[in-house]
Amino acid sequence: MRAEAFSAAVSVGSALILIVVSLLGAKNDLRKMEPGPVTSYLRPRGALARTMYDRIANDKVVEEFDKRKWYICNLEMIQDEKLRQAFVQLEMDKETELFLESSSDKSERILLQMWHTLVSSLLKWFLTRTSINGLLSRGSMFVFSESHFRRLLPRVPGGCLLDLGAGDGLITNVMAPTFSQVFATEVSPTMRYTLAQRGYKVLEIENWSSRGPFDVISCLNLLDRCSKPWSLLTEIRNSLVPDTGRLIVALVLPFQPYVEADSWDHSPEENLNIKGETFEDQINSTAQVLQSAGFEIERWTRLPYLCEGDLGQSYYWLDDVVFVLKPV
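Residue positions are given per chain, counting from 1 as you read along its sequence in written order. With pLDDT at 70 or above as the cut-off, local features in this predicted model cover only qualifying residues; side-chain atom pairs require 80 or more to be listed or tallied, and sums for whole chains, interfaces and linings still use all residues. The basis for every side-chain value is the complete set of heavy atoms in the structure, and neither hydrogens nor water enter the calculation.

Student: I keep staring at the environment of Lys275 and nothing clicks. Help me out?
Tutor: Following the sequence through the fold, Lys275 ends up in the loop between β6 (246–252) and α12 (279–292). Residues Lys275 and Thr286, spaced 11 residues apart in sequence, show a C-alpha to C-alpha distance of 8.0 Å. Should any heavy atoms of two residues lie within 4.5 Å, those residues are considered in contact. With near-sequence residues (within four places) excluded, Lys275 lies in contact with Asp281, Gln282 and Ser285. In this text, helices come from DSSP runs of H or I with a minimum length of four residues, and strands from runs of E with a minimum of two, each type numbered from the N-terminal end.

Here you go:
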């Protein structure tokens, strides 16, 4: 026990040294460190200062970006007239702004972000990035607000919701108040623990469908991260309440599948074959895929898939398309 305590103390001490030395180097390198065994080994030379300089530049670009573009789609490039009419134009609302403000505030906590970076560099050899984020309570995602959700699904059937690949449950929280029962699935052990702490019943990924049928199933940014997306769509279709059941799918475009675990080359076993050079081209292709899987598109929209930031930037985003689907 003493040896373990000493090892832990050394690890913490080393981390503190890294932080202090980096902070010393951050003051524009005005204070030159005297040569010695520790300083010669670490040699930070203002690494934090350079990181913060890059962050200021990155955040300036983010701040000046026209965020209305997050929600705009060129409907003239959507081939099917019925699909064009199903588009729901959304915009940034207060809930989205609050997430961005919270992300910016959290990313400015320098010591916290340095601690996250240090721990992540050590744990990446043993855990997936998702599990590390769950352990550190970092990297929360945002897809839509409550008002966005109501506009996409104005006639919520109520009853039972299943959120597949729910992550830390932040997005589940947006949908949950509308339902009497909420279930979730998640591969990451740390995220499963977080979901359980939030009060959600976490189902096993091997047999979640046995708890169905479900009134609504959400599959948010999961089809490009699972190994068998075609099989998943089939299982979802068979697990929805007949007639009234609905599926909510979010998908990052351009489509770039990446399987985080259980795939040596991170490639899926099944390919959705979503193609196209532009965002709208890929929407046309995605619509054909979903229809081939036995779904009718009731509504759809374009949204930013937001993620909390770090030392490098206040927050990040990807282009998301969200579909509300009816099984046929």
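Student: Explanation requested: the nonpolar core in the structure shown.
Tutor: Where a protein is soluble and globular, its nonpolar side chains tend to be buried together. Membership of the largest hydrophobic core comes to 40 residues, with the highest contact counts inside it found for Trp208, Ile217, Leu232, Ile236, Leu247, Ile283 and Trp300. Counting residues per element, the ones that place at least two in this core are β2 (160–164), β5 (216–220), α11 (229–239), β6, α12, β7 (295–308) and β8 (315–327). Element by element, the count of residues in this core is highest for α12, at five residues. Those residues within four positions of Ile236 in sequence are excluded, and the remaining contacts are Leu164, Trp208, Ile217, Cys219, Leu247 and Phe295. In plain words, nonpolar cores are sets of buried Ala, Val, Leu, Ile, Met, Phe, Trp, Tyr and Cys residues tied together by side-chain atoms within 4.5 Å. Note on classification: 1.4 Å probe, protein chains only; a residue is buried when its accessible area is under 20% of the maximum for its type, exposed when over 50%, partly exposed between these limits. In terms of nonpolar packing, the next biggest core, distinct from the first, is built from 36 residues, Leu153, Val182, Tyr200 and Val322 among them.

Student: Please explain the sheet that holds strand β1 (residues 141–142) as it appears in this structure.
Tutor: Hydrogen bonds along the backbone pair up the strands of a sheet, which may run parallel or antiparallel. Paired strands, in this sense, are two strands between which DSSP finds at least two bridges. The eight strands are arranged β1-β7-β8-β6-β5-β2-β3-β4 in an open sheet whose pairing can be described as mixed. Edge positions in the sheet fall to β1 and β4 (201–203), since each has one partner strand and no second. Pairing analysis gives three bridges linking strand β3 (residues 181–185) to β4, with the strands arranged parallel. When the bridges of β4 are listed, Ala184 appears paired with Val202. Between the N-to-C directions of two axes lies an angle of 0 to 180 degrees, each axis being a line fitted to C-alpha atoms and, for a helix, fitted only over the stretch in contact. Across the sheet, helix α10 (residues 189–197) is in contact with β3 and β4; its angle to β4 comes to roughly 145°. Strand contacts of α12: β6, β7 and β8, with the helix running at about 35° to β8, the strand carrying the most contacts.

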